[in-house]
Amino acid sequence: MSKFRKKGGKASPEISTASLPDIIFMLLFFFMVVTVLRDSSLKVDVKTPNATELTKLEKKSLVNYIYIGRPTEQYRKTYGTKPRIQLGDKFSKIEDIPLFLEKHKSKVSENMRGGIKTSLRIDKSVTMGIVTDVKLALRRAGQLLVNYSAKPRVD
Amino acid sequence: MARTSTRDRMKNEINAGSMADIAFLLLIFFLVTTTIVEDKGVLVKLPPWSEEPPDITKLKTRNVYSVLVNADDQLLVRGEEMKVSELRDNAKIFIKNPQKLENMAENPKKAIISMKNDRGTKYETYLEVYNELKAAYNELRDEEANAKHGKDYDYCTKDQRTAIRMAIPLVISEAEPTSFGEEN
């Protein structure tokens, strides 16, 4: 008899939650590795076009970003709807590009500077006028490796 | 007496239950502040800047594949209208010239693609055209690699790739754009 009673008394074993933090930490590390910190909020609308011949950009520290697009809703009153350039986190002019590139260059170690790429994140609807001006400014500044940011096309 | 013995106290553990909450908090923070890396694009090497105008070297017309894109996003390829979808195959035939026609490139090394657009051309069209031209070259290189080494260009060794690159060099020259349809 006493044998059965003993079994009844043990009826509520708890699931050990001690390993739960480990699981969550694993998830956490996964996300930390897979993602990059969003360093600048976009003030222009950028919907990149689609393309097929894509190259992946590696080495984030060697890439600087130039955004071109129309100002988002909240900036339209002050800046209008003409395409604008965004460098870092503010609206800029073509003349600001050399300084922007130089600032980025100073953060990169000397032997890596040849590999600096500029990622042009340009909205689909923008016309080539402003893009040409930016390209010219990049050439003048000696920044020749350029990446036209695009999404893979699904055929 | 209800006093716990020293042995009992030794058994006390730190409650790890709240650890999960802390980790969750961190997790959610990272989820919110980050974006998944998806930066891909068409890599281009721009020509270096020089003050003096480029010296005009005479090229044989047969070696030049001129692509014009106007402000209405229409294509004019070697004097004829064309759709973007036809551009890739047409460019491939021009570069490779399998039938050794008189009016196409002498050989892939001598072929030059000249691209000119308007300031009013849509960026989307420009990139599409550029993409097609690059795709034509990539396909030709793949074909060459398959014929020579039996595998795609990307899977060849470094030396093989350099050899193919020398045989089919990618030359896309871009002219100063016209400005008929600048956006106001």
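Residues numbered from 1 in each chain as written. Chains lettered and ligands numbered in written order. Predicted model: local features only at pLDDT ≥ 70, side-chain atom pairs only at ≥ 80, totals over all residues. Heavy atoms only, no water.

What follows concerns the nonpolar core. One broad rule of soluble globular proteins: the nonpolar side chains tend to lie buried together. The biggest cluster of nonpolar side chains holds 51 residues, and the ones touching the most others in it are Ile 66, Leu 138 and Tyr 148 of chain A together with Tyr 65 and Leu 133 of chain B. Per element, the largest residue contribution to this core is nine residues, and it comes from helix α4 (residues 123–149) of chain B. Non-local contacts of Leu 133 of chain B, meaning those with residues more than four positions away in its chain, are made with Tyr 65, Val 67, Leu 87, Ala 91, Ile 113, Met 115 and Ile 172 of chain B. In terms of nonpolar packing, the next biggest core, distinct from the first, is built from six residues, Leu 57, Tyr 65, Tyr 67 and Phe 91 of chain A among them. (Core = buried A, V, L, I, M, F, W, Y, C linked by side-chain atoms within 4.5 Å. Buried < 20%, exposed > 50% of the residue type's maximum accessible area, 1.4 Å probe, protein only. Helix = DSSP H or I, 4+ residues; strand = E, 2+ residues; numbered from the N terminus. Contact = heavy atoms within 4.5 Å.)

Moving on: the side chain of Asn 117 of chain B. By the secondary structure assignment, Asn 117 of chain B is in strand β6 (residues 112–117). The exposure class assigned to Asn 117 of chain B is buried, which follows from its relative accessible area of 5%. Apart from the residues within four sequence positions on either side, Asn 117 of chain B is in contact with Met 128 of chain A together with Val 69, Tyr 126, Pro 177 and Thr 178 of chain B.

Let us now look at the pairing of strand β3 (residues 64–69) of chain B. Walk down a regular strand and you will see the side chains alternate between the two sheet faces. Residue and element names in this part refer to chain B. Only one face of β3 is buried, namely the one carrying Tyr 65, Val 67 and Val 69, since none of Val 64, Ser 66 and Leu 68 on the opposite face is buried. Strand direction decides the pairing type here: β3 and β6, joined by six bridges, are parallel. Paired with Leu 68 across the two strands is Lys 116, which belongs to β6. Alignment of β3 against strand β4 (residues 75–77), held across three bridges, turns out to be antiparallel. Its bridge partner being in β4, Val 67 is matched across the sheet by Val 77. In this antiparallel pair of consecutive strands, β3 and β4, the connection spans five residues, and Asp 73 shows a positive phi of 60 degrees. (Pairing = 2+ DSSP bridges.)

On to the interface of chain A and chain B. Taken residue by residue, the interface counts 55 residues in chain A and 49 residues in chain B. When the two sides are added together, the surface that chain A and chain B hide from each other amounts to roughly 5000 Å², 63% of it contributed by carbon and sulfur. When residues of chain A are sorted by the area they lose upon contact with chain B, Glu 53, Met 128 and Tyr 148 of chain A head the list and together hold 15% of the total. Those elements giving two or more residues to the side of chain A that touches chain B turn out to be α2 (20–34), β1 (35–37), β4 (55–56), β5 (63–71), β8 (117–122), α5 (128–140) and β9 (145–149) of chain A. Tallied by class, residues from the side of chain A that touches chain B come to 29 nonpolar, eleven polar and 15 charged. In this structure, β9 of chain A lies alongside strand β2 (residues 40–45) of chain B, joined through five bridges in antiparallel fashion. Pairing of Leu 145 of chain A across the sheet is with Lys 45 of chain B, part of β2 of chain B. (Buried area = accessible area lost by both parts, 1.4 Å probe. Nonpolar A, V, L, I, M, F, W, Y, C, P; charged D, E, K, R; others polar.)

To continue, consider the packing of aromatic side chains. According to the stated counting rule, one finds ten aromatic pairs over all chains in the structure shown. Note on Tyr 148 of chain A and Tyr 130 of chain B: the rings are 6.4 Å apart at their centroids and 65 degrees apart in plane angle, and the pair reads as edge-to-face. Of the two residues, Tyr 148 of chain A sits in strand β9 while Tyr 130 of chain B sits in helix α4, which places them in two different chains. Exposure remark for Tyr 130 of chain B: the relative accessible area of 5% places this residue in the buried category. The structure contains a cluster of three or more aromatic residues connected by ring pairs, namely Tyr 148 of chain A together with Tyr 123, Tyr 126 and Tyr 130 of chain B. (Phe/Tyr/Trp six-rings, centres within 6.5 Å; stacked < 30°, edge-to-face > 60°.)

The next point concerns the confidence of the model for chain B. Of all residues in chain B, 87% attain a pLDDT of 70 or more, and the chain-wide mean is 80. Ranking the elements of chain B by mean pLDDT puts helix α1 (residues 6–10) of chain B last with 58 and α4 of chain B first with 88. (pLDDT = per-residue confidence, 0-100.)

For the rest of this paragraph, the subject is a nonpolar patch on the surface. Residue and element names in this part refer to chain B. Together, Phe 24, Ile 28, Leu 31 and Val 32 give the surface a local cluster of nonpolar side chains, amounting to about 370 Å² of exposed area. You can see Ile 28 is positioned in helix α2 (residues 19–33). Residue classification places Ile 28 among the partly exposed positions, given a relative accessible area of 47%. (Patch = residues over 30% accessible without salt bridge, like charges linked within 9 Å, V, L, I, M, F, W, Y side chains within 5 Å. Areas by Shrake-Rupley, 256 points an atom, 1.4 Å probe, with all protein chains shown as cover. Salt bridge = Lys/Arg side-chain N within 4 Å of Asp/Glu carboxyl O.)

The next thing to look at is the sheet that holds strand β5 (residues 80–82) of chain B. All names here are of chain B. One open sheet accounts for five strands, arranged β5-β4-β3-β6-β7; its pairing is mixed. With one partner strand each, in any of the chains shown, β5 and β7 (172–174) form the two edges of the open sheet. Between one strand axis and the next, the sheet turns through 30 degrees on average, direction left out of account. Sheet analysis places β4 next to β5, joined by three bridges and oriented antiparallel. If you follow Leu 76 over to β5, its bridge partner there is Glu 81. Relative to β6, α4 is tilted by about 175 degrees, and along the sheet it contacts β3, β4, β6 and β7. (Axes fitted to C-alpha atoms, helices over the stretch in contact; angles between N-to-C directions.)

The geometry of α2 of chain A relative to α2 of chain B is characterised by a closest axis approach of 9 Å and an angle of 15 degrees between their N-to-C directions. The angle between the axes of α2 of chain A and α2 of chain B places the two elements in the roughly parallel class. Pair α2 of chain A / α2 of chain B crosses with left-handed handedness. Contact residues: α2 of chain A offers Leu 20, Pro 21, Ile 24, Phe 25, Leu 27, Leu 28, Phe 31 and Met 32 of chain A, while α2 of chain B offers Met 19, Ala 20, Ala 23, Phe 24, Leu 26, Leu 27, Phe 30 and Leu 31 of chain B. Of the residues assigned to the contact of α2 of chain A with α2 of chain B, the class counts are 16 nonpolar, no polar and no charged. (Parallel < 35°, antiparallel > 145°, perpendicular 65-115°, else oblique. Left-handed = near helix turned anticlockwise from the far one by under 90°.)

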